[in-house]
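Listed below, chain by chain, are the residues.
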Amino acid sequence: MEEIERLWEEVREVSLGTSSSIERLDSAPSPLQFLRNFVSLNKPCIISNAISHWPALSLWPNHSYLSDSLSNSSVSLHLTPHGRADSLVSTSSHSLCFATSHVQRLPFPLALRALLNSKPGQFVAYLQHQNDCFTSEYSTALGSDCDSHIAFATEALGSLPEAVNLWIGNHFSETSFHKDHYENLYAVVSGQKHFLLLPPTDVHRLYIRNYPAAQYSYSQENGEFKLEMDEPTRYVPWCSVNPYPSPETKETEIAKFPLYFNGPKPFHCTVKAGELLYLPSMWFHHVRQSPDEKGCTIAINYWYDMQFDIKYAYFNFLQSIHYKLPSTQIRTGNSKSHVSVCNMGDKSYSTASVSEVMGSNQDNEDE
């Protein structure tokens, strides 16, 4: 539909700008400026010098500080064979499913060691849990190192955050395109985060399909991941596009998803340590990261409840419009539940155990 394609361009021309970069502010805006210039326009920005007073910026990159502070804390560690959780993966039958990570609780020092020893093909560890994990798992020890909320956002939005989450990962971790129903203030403490962003009006370009849900299960005994399909079968709507296809699959991906690859370029930004990204509600985002010199990327984000107002109704209506897509079918698997050894491109992952790898590099742990 020409009208929808014209919408993609008009949104950029009248609101977001024609550049693929994100507006940057040199200091924190006033609550009124933030509400008027960004929240009301559903427009992202990167803010410098808004968290420069945080002790976390100097303390958290020190692994010894974290391990000592959290020595008695049990935290959530997410494990996948490749670093892609909450994403589409291939099953042994070459169909696609929506896979979530294996989650286990470990003492923080052991979890951090696993993260630093991550190796794709064995396992990739990520310290994160999205249900207010900073408050429930870290704030007792680390709460004084950062703000409990972002003051200008709290006043502008009229509420405290619904959740505050901590993310400690490495360069193997990658988050596929998705959207959240929150106003997101995302602060990078160490390393860098690389975002690809698309406004909600570009929803048709991401080819959202229903995929059968699955979860990784990891065995400490034999070091093997299995992909267990949900029973009864449950389907999850998820974005089909991988914005970084391999050279071998690039032509095929472009042919399958022309609205993404041939349409307006996504907005791209790198958020560095000490910077804050405002990611508006319902914006699609894909995330990669670069670690600091000690091998970690650390970030904390604040989820504020969005206003379910007329903008939300508009976006829902737009998403409901049928857009005629290319005849190429995306294989999403069948409805039968099964368990299979996880594979990506026919490569089975039979891995070393997490406990073995955690213990194999103790001498490399920061002092």
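Above this text sits the structure in question.
Residues numbered from 1 in each chain as written. Predicted model: local features only at pLDDT ≥ 70, side-chain atom pairs only at ≥ 80, totals over all residues. Heavy atoms only, no water.

*Asks:* So what's going on with the nonpolar core? Residues and values would help.
*Replies:* Judged by nonpolar contacts, the single largest core of 57 residues is most densely connected at W54, W60, L185 and I300. By residue number, the principal contributor to this core is helix α5 (residues 108-116), which donates 5 residues. Non-local contacts of W54, meaning those with residues more than four positions away in its chain, are made with D145, C146, D147, I150, A187, V189, I300 and Y302. Membership of the second largest hydrophobic core comes to 18 residues, among which are V11, F195, L197 and V271. (Core = buried A, V, L, I, M, F, W, Y, C linked by side-chain atoms within 4.5 Å. Buried < 20%, exposed > 50% of the residue type's maximum accessible area, 1.4 Å probe, protein only. Helix = DSSP H or I, 4+ residues; strand = E, 2+ residues; numbered from the N terminus. Contact = heavy atoms within 4.5 Å.)

*Asks:* A description of empty space enclosed by the protein should follow, citing residues and the corresponding values.
*Replies:* If you walk through the whole model with that rule in mind, you get 2 cavities of 30 Å³ or more. By volume, the second largest cavity is sized at about 30 Å³. Lining the second largest cavity are K179, P200, V203, M282, F284, F315 and Q319. By residue class, the composition of the lining of the second largest cavity is 5 nonpolar, 1 polar and 1 charged. (1 Å grid on protein atoms, 1.4 Å probe; cavity = no way out; pocket = protein on both sides within 12 Å on 5 of 7 lines; lining within 4 Å. Points joined across faces, edges and corners; volume = space filled by probe spheres on them. Nonpolar A, V, L, I, M, F, W, Y, C, P; charged D, E, K, R; others polar.)

*Asks:* Break down the sheet that holds strand β11 (residues 192-198) for me, with residues and values.
*Replies:* One open sheet accounts for 4 strands, arranged β9-β17-β11-β15; its pairing is antiparallel. This sheet does not close on itself; its edge strands, each paired only once, are β9 (175-178) and β15 (267-272). Along the sheet, successive strands turn relative to each other by an average axial angle of 20°, direction set aside. Here β11 pairs with strand β17 (residues 284-290) via 7 bridges, running antiparallel. Each bridged residue has a counterpart across the sheet, and for Q192 the counterpart in β17 is S290. (Pairing = 2+ DSSP bridges. Axes fitted to C-alpha atoms, helices over the stretch in contact; angles between N-to-C directions.)

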